[in-house]
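Secondary and tertiary structure notes
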Amino acid sequence: MASSSSSASSAAAAAAYPRTTLRLRRRPGLLALLLILLCFLSFQVVIHVPATRSAVSQWLFSGHRADHGTRENCPGCSKLQDVDKAEKTIAYTDQHGRIKLFKITAREFGSSSIWENPWLPRDSQPVAGTLRQQEAARDRLLASGSETTNLSSTETLATTNVDPIKLRRQVFRRTRKERRVQELLQMDKKVELDMRNAAINSSSNFNNKVRGSYNIWRPEFRFINTDSTLRLMKDQIIMAKLYATLALSQKEPDMYALLMKCIKESQTAIGDALIDSELDSSALERAKAMGHVLSSARDVLYSSGEVSRKLRVMLQSTELNIDAVKKQNSFLVQHAAKTVPIPLHCLHMQLTTDYYFRDDVTKEHFDDDALKAEQYKEKLEDRSLYHYAIFSDNVLAASVVVRSTVTNANEPEKHVFHIVTDRLNFAAMKMWFITHPPQLATVHVENMDNFKWLNSSYCSVLRQLESARLKEYYFKAHNPSSLSDGNENLKYRNPKYLSMLNHLRFYMPEIHPKLEKILFLDDDVVVQKDLTSLWDIDLKGMVNGAVETCKESFHRFDTYLNFSHPKISENFDPHACGWAFGMNMFDLKEWKKRNITGIYHYWQDLNEDRKLWKLGTLPPGLITFYNLTYPLNRTWHVLGLGYDPAVDIAEIDNAAVVHYNGNYKPWLDLAISKYKTYWSKYVDVDNSHVQHCYEGKQ
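Residues numbered from 1 in each chain as written. Predicted model: local features only at pLDDT ≥ 70, side-chain atom pairs only at ≥ 80, totals over all residues. Heavy atoms only, no water.

What follows concerns the overall build of the protein chain. Assigned secondary structure in the protein chain consists of 26 helices and 13 strands. When burial is assessed residue by residue, the protein chain has 41% of its 698 residues classed as buried. The contacts in the protein chain between residues at least 6 apart in sequence include a share of 74% that link residues at least 24 apart. In the structure as shown, the protein chain presents an accessible area of about 40000 Å², 52% of it carried by carbon and sulfur atoms. (Helix = DSSP H or I, 4+ residues; strand = E, 2+ residues; numbered from the N terminus. Buried < 20%, exposed > 50% of the residue type's maximum accessible area, 1.4 Å probe, protein only. Contact = heavy atoms within 4.5 Å. Areas by Shrake-Rupley, 256 points an atom, 1.4 Å probe, with all protein chains shown as cover.)

Structure (structure tokens):
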């Protein structure tokens, strides 16, 4: 048979004929007879196998292996190169009766082909078993798990009906898989333990904190439009009022009476409800009835121009009402913030009474011991100790600052607190720290009225605070209404902005002439860590060490100062970062060298007409310490607990000092509840006066 048939003919024949079982036998004379029959029978395939190569391939595929000692029984094995290269020549006739030949190799036969050994008798040839037998035989072979499985059994190979190459691959994959399983089972215990520990650490560090503001599983997100009926009824009332006005102007008394009746009924059904479930049981019926009345009113009264005009009037009136409510709310908040709570007032009165009328209490610490008095005085001026400056008229607040600082101090005996208060609260403040001295620490209470240098001729702000112009501007003495001028200046009517006690922070060298460094603390802070490391910070020649408060464009100089004034715009950068009073480390040596108090007086005199800034201590502080402030790490001082309910709890817990700046002070009922415990845990609730005055608050 010619063996030069093209590969194209091979592909055509392979596509034209399905796979069939090929029975290959070498019989003399049969080939010629088959070729003659091919001329008459179309689409019949006859295979002629060359004597040597085909016989070898048939012998191998029938189950014999040359490497198992049977090679001498294999004719043509000396010419064997690769069983996969065995060639088969196929002849067939096309539709025109012409004979076509093509050659294929053993690779091109599928697993459905059956190979027979030409040297075996017919009754010993392999036969195809049933599908179930083939699958069972295949499973038995694969279950052996070895690539060297004995394939010499003719019955086995024929029964499986499997391509040996595919079988070897399957056996190899099965072996590799089992080997990997064994490796995993025999893994070192230490590696397994390390992996387990790593997984535990990873899970423990996983941040699963729920972002409540955006969590759709929160209870308030489970019910959508729970006030839809309520809002519908309120909208109906607005439209009914509009049509009632039109009915009255167009002389439709019946429609006017009907609309007013429906308005009254709807308002009764709504009552004080905030959601649909709180509405009266008749609310839905009232809404339906109102809808019918509004539809009738629209048919009778509707005029687009008139309705538009009426709605604009109603909108303007509503906006005015909203402004009035906002103004009233601002006034009430400011009023509540500056009002002394009754329990706190009670505590001051009790302590003041004890100071003046109790003979068993020594009014001075060491009246009877001159040596102790001398040691006490030396401590107040000892530069090796840690000194704190507190200006306050609130006994409870000052006591929390001192107690929290001493509680968290590593060496409380080295801490000295200098508290300055006014004449009205001096007795109460003094009495508290006489009867409740902090453990080991030293507390010195002073009355600012005893400072001889503090007078209007020296202090610009004191002179301004006493002026009639300022009182007229901020208190509107000629008008009894506190809301007569809107809420523009309500914030500055808080007494702290008009108190000299609030401005004493600019006179540190005058109050503490012997000290070189002092830490200033506001009375609305709580200390949570030891602060002695602040004294070791190098301020790089700066006077003030403070935490900066600017975030992006917020809390920069243009927020506090009037940059439309040339004095401000020529001397300061509007984008300079602001910082906070409340916890400040002052270098008093540099203070004196740079004449900080003189700078403060200069700018305070320029602002007598309040054109540079409003009242307060932060704007003049930003000006006075401009380019003289050293930024401290933010963890030293966290602010916002007195106005911002969104301060991160993690930041609060990690802070050395937390600051309740704002109107919601922790001793007020206005306080933000989730922050209040940071302050209240340092209140001495065992004190008899505290128990007596706050017994109704427990």
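From this point, things continue past the structure.
So, on to the nonpolar core. Among the nonpolar cores identified, the biggest contains 62 residues, and L519, L521, L531 and L534 are the most heavily contacted of them. Here this core takes eight residues from helix 14 (residues 395-407), the largest share from any one element. Setting aside its immediate chain neighbours within four residues, L519 contacts H387, Y388, A389, L531, L534, W535, M583, N584 and M585. Among the nonpolar cores identified, the runner-up in size contains 42 residues, and L501, L515, L561 and L622 belong to it. (Core = buried A, V, L, I, M, F, W, Y, C linked by side-chain atoms within 4.5 Å.)

In terms of burial, strand 6 (residues 442-447) is a largely internal element, five of the six residues being buried. Pairing of strand 5 (residues 415-421) with strand 6, which is carried by six bridges, proceeds in the parallel orientation. When the bridges of strand 6 are listed, V420 appears paired with E446. The β-α-β motif built from strand 5, the intervening helix 15 (residues 426-435) and the parallel element strand 6 has right-handed crossover chirality. (Pairing = 2+ DSSP bridges. Right-handed = clockwise from strand over helix to strand, strands pointing away.)

In this model helix 11 (residues 304-338) runs 51 Å from its N-terminal to its C-terminal C-alpha over 35 residues, within 8% of the 51 Å that 1.5 Å per residue would give. Along helix 11, the residues that are buried comprise V307, K310, V333, Q334 and A337. Each element contacted by the buried residues of helix 11 is listed here: helix 8 (228-249). (Expected span 1.5 Å × (residues − 1).)

Taken in spatial order, the three strands of this open sheet run 8-13-12, and their pairing is mixed. The open sheet is flanked by strand 8 (525-527) and strand 12 (637-638), the only strands paired with a single partner. Direction of pairing for strand 12 relative to strand 13 (residues 657-659): parallel, over a ladder of two bridges. Looking at strand 13, one finds that V638 is bridged to V658.

Attention shifts here to the side chain of K310. Tracing the backbone shows K310 in helix 11. With relative accessibility at 16%, the residue K310 sits in the buried group. Excluding residues within four positions of it along the chain, K310 makes contact with L242, T245 and L246.

Attention shifts here to the pattern of salt bridges. Scanning all chains against the criterion turns up 13 salt bridges. R403 is the salt-bridge partner of D684, the closest N and O atoms lying 3.9 Å from each other. Remark: R403 occurs in helix 14 and D684 occurs in the loop between helix 25 (673-680) and helix 26 (688-693); sequence separation between them is 281 residues. Its salt-bridge partner being K414, residue E411 comes within 3.4 Å of it at the nearest N-O pair. Overall, E411 belongs to the partly exposed group, its relative accessible area being 33%. On the basis of relative accessibility, which here comes to 31%, the residue K414 falls in the partly exposed class. (Salt bridge = Lys/Arg side-chain N within 4 Å of Asp/Glu carboxyl O.)

Evaluated as defined, the whole model comprises 24 aromatic pairs. Relative to F581, the ring of F506 lies with its centre 6.1 Å away and its plane at 90°, an arrangement referred to as edge-to-face. A residue pair is termed long-range when its members are at least 10 positions apart, and F506 in the loop between helix 17 (468-475) and helix 18 (508-511) and F581 in the loop between helix 20 (566-569) and strand 10 (583-587) qualify at 75 residues. Here F506 matches F581 in class, with each residue buried. In this arrangement the basic side chain of R505 is found over the ring face of F581, its NZ or CZ atom lying 4.8 Å from the centre. (Phe/Tyr/Trp six-rings, centres within 6.5 Å; stacked < 30°, edge-to-face > 60°. Lys NZ or Arg CZ within 6 Å of the ring centre and 35° of its normal.)

As a further point, take the packing of helix 8 against helix 11. Helix-helix packing: each pair is described by the crossing angle between the helix axes and the interaxial distance. Direction vectors running N to C along helix 8 and helix 11 enclose 120°, while the axes themselves pass 10 Å from each other. Considering the angle they form, helix 8 stands oblique to helix 11. Along this stretch, helix 8 crosses helix 11, giving a crossing that reads as right-handed. Listed contacts from helix 11 to I238, L242, T245 and L246 of helix 8 are E306, V307, K310, L311 and M314. (Axes fitted to C-alpha atoms, helices over the stretch in contact; angles between N-to-C directions. Parallel < 35°, antiparallel > 145°, perpendicular 65-115°, else oblique. Left-handed = near helix turned anticlockwise from the far one by under 90°.)

The next thing to look at is the confidence of the model for the protein chain. In the predicted model, the protein chain carries a mean pLDDT of 76, and 66% of its residues have values of at least 70. Every residue in residues 145-160 is under pLDDT 50, and counting partners more than four places away or in other chains gives 35 contacts. A low-confidence stretch, residues 479-487 (pLDDT under 50), is modelled with twelve contacts involving residues beyond four sequence positions or located in other chains. (pLDDT = per-residue confidence, 0-100.)

Buried residues of helix 25: Y675, Y678 and W679, and no others. For helix 25, the arc enclosing every buried residue in end-on projection is 95°, short of the 170-degree limit, so these residues lie on one face. Against helix 14, strand 8 and helix 24 (649-654) lie the buried residues of helix 25. (Arc of directions from axis to C-beta.)

Once that is clear, we can look at the sheet that holds strand 11 (residues 629-631). The sheet built from seven strands is open, its strands ordered 6-5-4-7-10-9-11 with mixed pairing. The sheet terminates laterally at strand 6 and strand 11, the two strands that pair on one side only. For this sheet, the mean angle separating the axes of adjacent strands, direction not counted, is 25°. Strand direction decides the pairing type here: strand 9 (residues 544-546) and strand 11, joined by three bridges, are parallel. Following the sheet pairing, N544 is matched in strand 11 by T629. Each of strand 4 (386-391), strand 5 and strand 6 is contacted by helix 13 (residues 370-381), which is oriented at about 85° to strand 6, the strand it contacts most.

Here we come to the pairing of strand 7 (residues 517-521). Counting buried residues along strand 7, four of its five residues qualify, which places the element largely inside the surrounding structure. Relative to strand 7, strand 4 is paired through two bridges, and the arrangement is parallel. By the bridge assignment, A389 is partnered in strand 7 with F520. Sheet topology note: the strand 7/strand 10 ladder contains five bridges and is antiparallel. Each bridged residue has a counterpart across the sheet, and for F520 the counterpart in strand 10 is N584.

Turning our eyes to something else, we now look at the packing of helix 8 against helix 9 (residues 253-270). Relative to each other, helix 8 and helix 9 sit at 155°, their axes nearing to 9 Å. Here helix 8 lies roughly antiparallel to helix 9, going by the angle between them. The hand of the helix 8/helix 9 crossing is left-handed. Contacts between helix 8 and helix 9 involve L230, M233, K234, I237, A240, K241, Y243, A244, A247 and L248 from the first element and M255, Y256, L259, M260, I263, S266, Q267, A269 and I270 from the second. For the contact of helix 8 with helix 9, the per-class residue count stands at 15 nonpolar, two polar and two charged. (Nonpolar A, V, L, I, M, F, W, Y, C, P; charged D, E, K, R; others polar.)

Residue N595 is not a glycine yet carries a positive backbone phi of 55°. With respect to the element layout, N595 can be found in the loop between helix 21 (588-594) and helix 22 (596-606).

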